[in-house]
Structures are given as C-alpha cells and as structure tokens.
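A closer look at the structure
Given next are the chains, with one letter for each unit.
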Amino acid sequence: MAEQVNCMKFSELKELVAALAANDKVTDETKIFLDTGWDSLQEILPGSVSLASAKPFQVQDELTKEFFGGYVLTEKSAKFDVSNAAEDVIVIKNLY
C-alpha cells in the first residue's frame, strides 16, 4: 500500500493568507521563506508561484518494497510510472 501525503488545498491557503493578513505583525513588506529543514531558510522569489499540470506517480523503496506516492510535472512525467490523470496544481518554484 502506498503512503499518501495530504497536500494543502487552495481553500486552505486562502484561509491561511486571510489569517496572516489579519495579524498586525504582517505588512506588505513581510518577506516569505521556505523552511527546507536545513539550517537556513530559502527565499520565495517573486514570480515563482504558478499554475501547472501534474500527474501522480508511485515509486517503490528498493529495501522495504514499500510504495510512496508523489506528483511530477506533466512535461517531466515520461520517466515515471504515472497514471494518465493530469490535474492543475499550484507550484512554488524553489530552484536553489
């Protein structure tokens, strides 16, 4: 059985942005970063958020034989074992 990660939905992002906008500490000049789990934060560049087409795929761990699911951009999906169902997704490009 494949492990499935619960992905944030646009409705949840809108609620989060509304809550942040209501916080007096957040201004139009507040910077946005991505916490990658390493020692430093990564900047989210202006123009890095876009709508794209993606397809779900599964990969099997060679040691445990467990399956893990993920998504790949449709234009890069030829090298993955993907389902045929593409969907529109919001992507934040982090190209560091």
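Everything here concerns the structure above.
Attention in this report is confined to the structure presented alongside it.

Basis of the calculations
Residues numbered from 1 in each chain as written. Predicted model: local features only at pLDDT ≥ 70, side-chain atom pairs only at ≥ 80, totals over all residues. Heavy atoms only, no water. Helix = DSSP H or I, 4+ residues; strand = E, 2+ residues; numbered from the N terminus. Contact = heavy atoms within 4.5 Å. 1 Å grid on protein atoms, 1.4 Å probe; cavity = no way out; pocket = protein on both sides within 12 Å on 5 of 7 lines; lining within 4 Å. Points joined across faces, edges and corners; volume = space filled by probe spheres on them. Nonpolar A, V, L, I, M, F, W, Y, C, P; charged D, E, K, R; others polar. Pairing = 2+ DSSP bridges.

**Notes on the environment of L34**
- Assignment of secondary structure puts L34 in strand 2 (residues 33-35).
- Each C-alpha atom, one on L34 and one on P46, is 13 Å from the other, the two residues being twelve residues apart in sequence.
- The contact partners of L34, leaving out residues within four places of it in the chain, are L41, Q42, I44 and N94.

**Description of the layout of surface pockets**
- Of the voids in this model, the largest pocket is the one considered here, and its volume is about 1,200 Å³.
- Lining the largest pocket are 37 residues, with M8, K9, L13, I90 and I92 sitting closest to its centre.
- Of the residues belonging to the lining of the largest pocket, the class tally is 26 nonpolar, seven polar and four charged.

**Focus: the pairing of strand 4 (residues 49-60)**
- Across six bridges, the pairing between strand 4 and strand 6 (residues 87-92) is antiparallel. From the neighbouring strand, S53 faces strand 6, where its bridge partner is D88.
- Inspection of the sheet shows strand 4 paired to strand 5 (residues 67-73) by seven bridges, in the antiparallel sense. Bridge pairing in strand 5 links P56 to Y71.
- In this antiparallel pair of consecutive strands, strand 4 and strand 5, the connection spans six residues, and K65 shows a positive phi of 65°.

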